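A look at the structure
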Amino acid sequence: METPAYIIDEKILTRNLEILAEVQKSTGAKILLAQKCFSAYYFYPLIKKYLSGTASSGLHEARLSKEFFGGENHVYAPAYKDSEIIELAEICDHVIFNSFRQVEKFADKVKSAGLRINPEHSTQKISIYDPCSKNSRLGVRIDEFKSARRDLLEKLDGLHFHTLCEQNSDALEETVDAVEKNFGEYLYKMKWLNLGGGHHITKSNYDIERLKKIICRLKNKYDVEIYLEPGEAVALDAGFLVASVLEIQNLRDGVQNVIIDASAACHMPDVLEMPYTPKIIGAAEIGVKKFNYRFGGATCLAGDIIGEYSFDNPLNEGDEIIFCDMAIYTMVKNNTFNGVKLPAIYAKTFDGELKLIKNFSYENFKGRLS
């Protein structure tokens, strides 16, 4: 196998899907795949066996869902173009708007119109992922909602909020309390309520029973259909990025720089955006084991640093390095900065074989340019 390469493990993916399917079955909620996180449509036939549909962030994702998934197709975007709404209205079951102006322009054209609300209650500290931060452009606040024209409110079938990021159900419970406090009187008039994504349902310490209670209480109290649209929970821990050591530089301050054929900037952008340090199979935090290394990509960006690690044995040129949890927000966000090759995509099948799904070449790089 030529590196770099993503590997998606079908057994782990299925384990996640079974957990999500059980939540659907026991609560009556519908769970959608958030394609913005994981859009590897080769796996859609498998995912469709367990989930109710997909959540899209725009026309192209909605078209991908229509073509390869075939379940319920929901879309939300901060704003829509006039030229897009006709096709979206045709292929999407729910179209969720971000403002009353968008409702006024487009609600009459779609099958079911929703509105994103801003609960104005932050449960996280990373501002780039906080839709409830000051001056956020995402979602309608309660003061604007209360002053909206009655005819626009009557066009709405549902409400949507998405404020979580890799969080447990206690954060959801806090947010739901804020939603009910501000918007509860309007929920009685809705047909559905979408709780958005960011639910870490398949993580080992996630409180699923609390989630179920929240869902059932909302369904019973307001008589609404409940939707969730997780992305990470679907493909959590199901993906790996395999890279090769190209060169090991001289020791500096007790740490050697290692250049690999994968890149944080190109192949795992969240490493720099979050930021965070991905786990490597066989490695520990720096200083824990005998040999210490700092991993960086083969790009000209000085900050293309993946992280610092320690190993029991020294590394050598040509060694393979396996990064964990690389299915989510990688393939959907990667790029060809510096002309760096995109990783191939493999499936690890249920019987343990590696199956090449797609390979990338110079033509893919050239095709994005003119």
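For the structure given in this document, a descriptive report is provided here. (Residues numbered from 1 in each chain as written. Predicted model: local features only at pLDDT ≥ 70, side-chain atom pairs only at ≥ 80, totals over all residues. Heavy atoms only, no water.)

**With respect to the pattern of salt bridges**
Counted according to the given criterion, the structure contains 23 salt bridges. When the shortest N-O distance is used, the salt bridge between lysine 212 and glutamate 209 registers 3.5 Å. One end of the pair is lysine 212 and the other is glutamate 209, both in helix 9 (residues 208–222) and three residues apart, which spans about a single turn. Classification of lysine 212 as buried rests on a relative accessible area of 13%. Residues joined in a network through salt bridges with shared partners are Arg101, Glu104, Arg149 and Asp151. (Salt bridge = Lys/Arg side-chain N within 4 Å of Asp/Glu carboxyl O. Helix = DSSP H or I, 4+ residues; strand = E, 2+ residues; numbered from the N terminus. Buried < 20%, exposed > 50% of the residue type's maximum accessible area, 1.4 Å probe, protein only.)

**What to know about the pairing of strand 5 (residues 94–97)**
Here strand 5 shows no split at all, with His94 and Ile96 on one side and Val95 and Phe97 on the other all buried. Bridge count for strand 4 (residues 72–76) against strand 5 is three bridges, and the pairing is parallel. Within strand 5, the position partnered with valine 75 by the bridge is valine 95. The parallel pair strand 4 and strand 5 is bridged by helix 4 (residues 82–91), and the resulting crossover is right-handed. Where strand 5 meets strand 6 (residues 113–116), three bridges bridge the pair, whose relative direction is parallel. (Pairing = 2+ DSSP bridges. Right-handed = clockwise from strand over helix to strand, strands pointing away.)

**Section: the sheet that holds strand 2 (residues 30–34)**
Across a sheet, paired strands are connected by hydrogen bonds in the backbone, their directions being either parallel or antiparallel. Pairing is parallel around the closed barrel formed by eight strands, whose spatial order is 2-3-4-5-6-7-8-9. Taken pair by pair, the neighbouring strands of this sheet meet at an average axis angle of 25°, ignoring direction. As paired elements, strand 2 and strand 3 (residues 53–56) share three bridges and run parallel to each other. Considered in strand 3, the bridge of alanine 34 is made with alanine 55. (Axes fitted to C-alpha atoms, helices over the stretch in contact; angles between N-to-C directions.)

**Regarding the packing of helix 8 (residues 169–187) against helix 9**
Put simply, helix 8 and helix 9 touch, their axes get as near as 10 Å, and they point 10° apart. Taken together, the axis directions place helix 8 and helix 9 in an arrangement best described as roughly parallel. Contact residues: helix 8 offers Ser169, Asp170, Leu172, Glu173, Val176, Asp177, Glu180, Gly184 and Leu187, while helix 9 offers Arg210, Leu211, Ile214, Arg217, Leu218, Lys221 and Tyr222. Taken together, the residues that form the contact of helix 8 with helix 9 break down as seven nonpolar, two polar and seven charged. (Parallel < 35°, antiparallel > 145°, perpendicular 65-115°, else oblique. Contact = heavy atoms within 4.5 Å. Nonpolar A, V, L, I, M, F, W, Y, C, P; charged D, E, K, R; others polar.)

**Remarks on the packing of aromatic side chains**
Under the counting rule described, the total for this entry stands at 16 aromatic pairs. Ring geometry for tyrosine 42 against phenylalanine 43: centres 5.0 Å apart, planes inclined by 85°, an arrangement best described as edge-to-face. On the accessibility criterion, phenylalanine 43 (2% relative accessible area) is buried. Between the aromatic rings of tyrosine 293 and phenylalanine 311, the centroid separation amounts to 5.9 Å while the plane-to-plane angle is 70°, which identifies the pairing as edge-to-face. Of the two residues, tyrosine 293 is situated in strand 13 (residues 291–297) and phenylalanine 311 in strand 14 (residues 305–311); the sequence distance between them amounts to 18 residues. By relative accessible area, which is 7% here, phenylalanine 311 ends up buried. Aromatic ring contacts, followed pair by pair, group Tyr293, Phe295, Tyr309, Phe311 and Phe323 into a single cluster. (Phe/Tyr/Trp six-rings, centres within 6.5 Å; stacked < 30°, edge-to-face > 60°.)

**As for the nonpolar core**
For soluble globular proteins, the rule of thumb is that nonpolar side chains tend to be buried together. Core analysis: the largest hydrophobic core is formed by 101 residues, its most contacted members being Phe38, Ile47, Phe97, Phe145, Phe295 and Phe323. Residue contributions to this core peak at seven residues, all from helix 8. Of all hydrophobic cores here, the second largest spans seven residues; its members include Leu32, Ile96, Leu138 and Tyr227. (Core = buried A, V, L, I, M, F, W, Y, C linked by side-chain atoms within 4.5 Å.)

**Focus: the pairing of strand 3**
Here four bridges tie strand 3 to strand 4, and the two strands are oriented parallel to one another. Pairing of glycine 53 across the sheet is with glutamate 72, part of strand 4.

**Quick word on the packing of helix 3 (residues 59–68) against helix 4**
Where helix 3 meets helix 4, the closest approach of the two axes is 10 Å, and the angle between their N-to-C directions is 30°. With respect to their mutual orientation, helix 3 and helix 4 come out roughly parallel. Crossing hand, helix 3 versus helix 4: left-handed. Along the contact surface, helix 3 presents Leu59, Ala62, Arg63 and Lys66, while helix 4 presents Glu84, Glu87, Leu88 and Ile91. Looking at the contact of helix 3 with helix 4 residue by residue, the class counts come to four nonpolar, no polar and four charged. (Left-handed = near helix turned anticlockwise from the far one by under 90°.)

**Quick word on a nonpolar patch on the surface**
On the surface, a cluster of nonpolar side chains totalling about 230 Å² of accessible area is made up of Leu272, Leu301 and Phe337. Tracing the chain through its elements places phenylalanine 337 in the loop between strand 15 (320–324) and strand 16 (344–348). (Patch = residues over 30% accessible without salt bridge, like charges linked within 9 Å, V, L, I, M, F, W, Y side chains within 5 Å. Areas by Shrake-Rupley, 256 points an atom, 1.4 Å probe, with all protein chains shown as cover.)

**Considerations on the layout of surface pockets**
Of the voids in this model, the largest pocket is the one considered here, and its volume is about 950 Å³. Along its surface, the largest pocket is lined by 38 residues, and Lys36, Tyr129, Leu138, His162 and Tyr329 are the ones closest to its centre. Of the residues that constitute the lining of the largest pocket, the class distribution is 14 nonpolar, 14 polar and ten charged. Roughly 590 Å³ of volume is contained in the second largest pocket. Lining the second largest pocket are 20 residues, and of these Ser39, Tyr41, Met331, Ile345 and Lys358 lie nearest its centre. Of all the secondary structure elements, the ones that give two or more residues to the lining of the second largest pocket are helix 3 and strand 17 (354–358). Ranked by residues supplied to the lining of the second largest pocket, first place goes to helix 3 with three residues. Here the residues of the lining of the second largest pocket are counted per class, giving twelve nonpolar, four polar and four charged. (1 Å grid on protein atoms, 1.4 Å probe; cavity = no way out; pocket = protein on both sides within 12 Å on 5 of 7 lines; lining within 4 Å. Points joined across faces, edges and corners; volume = space filled by probe spheres on them.)

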